[in-house]
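# Per-entry structural report
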Amino acid sequence: QAQLVESGGGLVQAGGSLRLSCTASGRTFSSYAMGWFRQAPGKDREFVAAISWNGSSIYADSVKGRFTISRDNAKVTVFLQMNSLKSEDTAVYSCAAKLFVATTGDHEYAYWGQGTQVTVSS
């Protein structure tokens, strides 16, 4: 059973930056694709970014050019660097894991963290 723990959330002004981290344990991390999803109050969970086992990444259109996902297999950690934050980025951000290839569907991810709150003030 994989365990995922997020950190790095907080309150930031619009235009600012945050870096989220998600540390995994319990599985062979390097074989897993890691994704970030977010859920704002009253809205469905939505895909943000994901990175495959080989390092290839995909992004939601709403964050392209502003967010960067990366992974450090030695530290069993995936990062989400968020720049030029907007008020509409406010949400609970959760990381998730699935085997091998990154996809955008949350139902395809088997393991989930508890989430970390990101609040962007305008």
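Residues numbered from 1 in each chain as written. Predicted model: local features only at pLDDT ≥ 70, side-chain atom pairs only at ≥ 80, totals over all residues. Heavy atoms only, no water.

### Let's talk about the overall build of the protein chain
As a reminder of what qualifies: Starting at the N terminus, helices and strands are each numbered in turn, a helix being any DSSP run of H or I of at least four residues and a strand any DSSP run of E of at least two. Each radius of gyration reported is based on C-alpha atoms, and the globular scaling rule is 2.2 Å times the count of residues to the power 0.38. We call a residue buried when its accessible area falls under 20% of the maximum for its residue type, exposed when it is over 50%, and partly exposed in between, using a 1.4 Å probe and counting protein chains only. Every residue pair with non-hydrogen atoms within 4.5 Å of one another is taken to be in contact. Surface exposure here means Shrake-Rupley accessible area, sampled with a 1.4 Å probe, where a residue is shielded only by the protein chains that are shown.
Assigned secondary structure in the protein chain consists of zero helices and 11 strands. Computed over C-alpha atoms, the radius of gyration of the protein chain comes to 13 Å, within 12% of the 14 Å expected from 2.2 N^0.38 for 122 residues, which places it in the range of a compact globule. In terms of overall dimensions, the protein chain has C-alpha extents of about 40 × 30 × 25 Å along its principal axes. Looking at the protein chain residue by residue over its 122 residues, the buried ones come to 44%. A separation threshold of at least 6 residues defines the contact pool for the protein chain, and within that pool the share at least 24 residues apart is 60%. Counting every atom, the protein chain has about 6,100 Å² of accessible surface; 47% of that belongs to carbon and sulfur.

### Observations regarding unusual backbone geometry
Here Val76, not a glycine, exhibits a phi torsion of approximately 45°, which is positive. Mapped onto the elements of the fold, Val76 is located in the loop between strand S7 (67–72) and strand S8 (77–82). In the Ramachandran plot, Ser84 falls in the positive-phi region, its phi being about 50° despite a non-glycine side chain. Note on placement: Ser84 falls in the loop between S8 and strand S9 (91–99).

### Section: the state of the cysteines
For clarity, the threshold we go by: Two cysteine sulfur atoms make up a disulfide if the distance between them is within 2.5 Å.
Using the criterion set out here, one finds one disulfide in the structure. Disulfide pairing places Cys22 opposite Cys95 at an S-S distance of 1.9 Å. Judged by the sign of its S-S torsion, about 50°, the bond between Cys22 and Cys95 is right-handed. Note that Cys22 is positioned in strand S3 (residues 18–25) and Cys95 in strand S9, a separation of 73 residues in sequence.

### Some points on the pattern of salt bridges
What counts here: Salt-bridge detection follows one rule: a side-chain nitrogen of Lys or Arg within 4 Å of a carboxyl oxygen of Asp or Glu.
As enumerated under the stated definition, the model contains five salt bridges in all. Of the charged contacts, one joins Arg45 and Asp106 as a salt bridge, the two residues approaching to 3.2 Å between their closest N and O atoms. Within this pair, whereas Arg45 is found in the loop between strand S4 (32–39) and strand S5 (46–51), its partner Asp106 is found in the loop between S9 and strand S10 (111–112), the two being separated by 61 residues in sequence. Overall, Arg45 belongs to the partly exposed group, its relative accessible area being 37%. Relative accessible area serves as the criterion here: at 25%, Asp106 is assigned to the partly exposed category. Here Lys64 and Asp61 are joined by a salt bridge, their closest N and O atoms 3.2 Å apart. A single network of salt bridges, built from pairs that share partners, joins Arg38, Glu46, Arg66 and Asp89.

The quantities given are spatial measurements derived from coordinates; they are silent on function.
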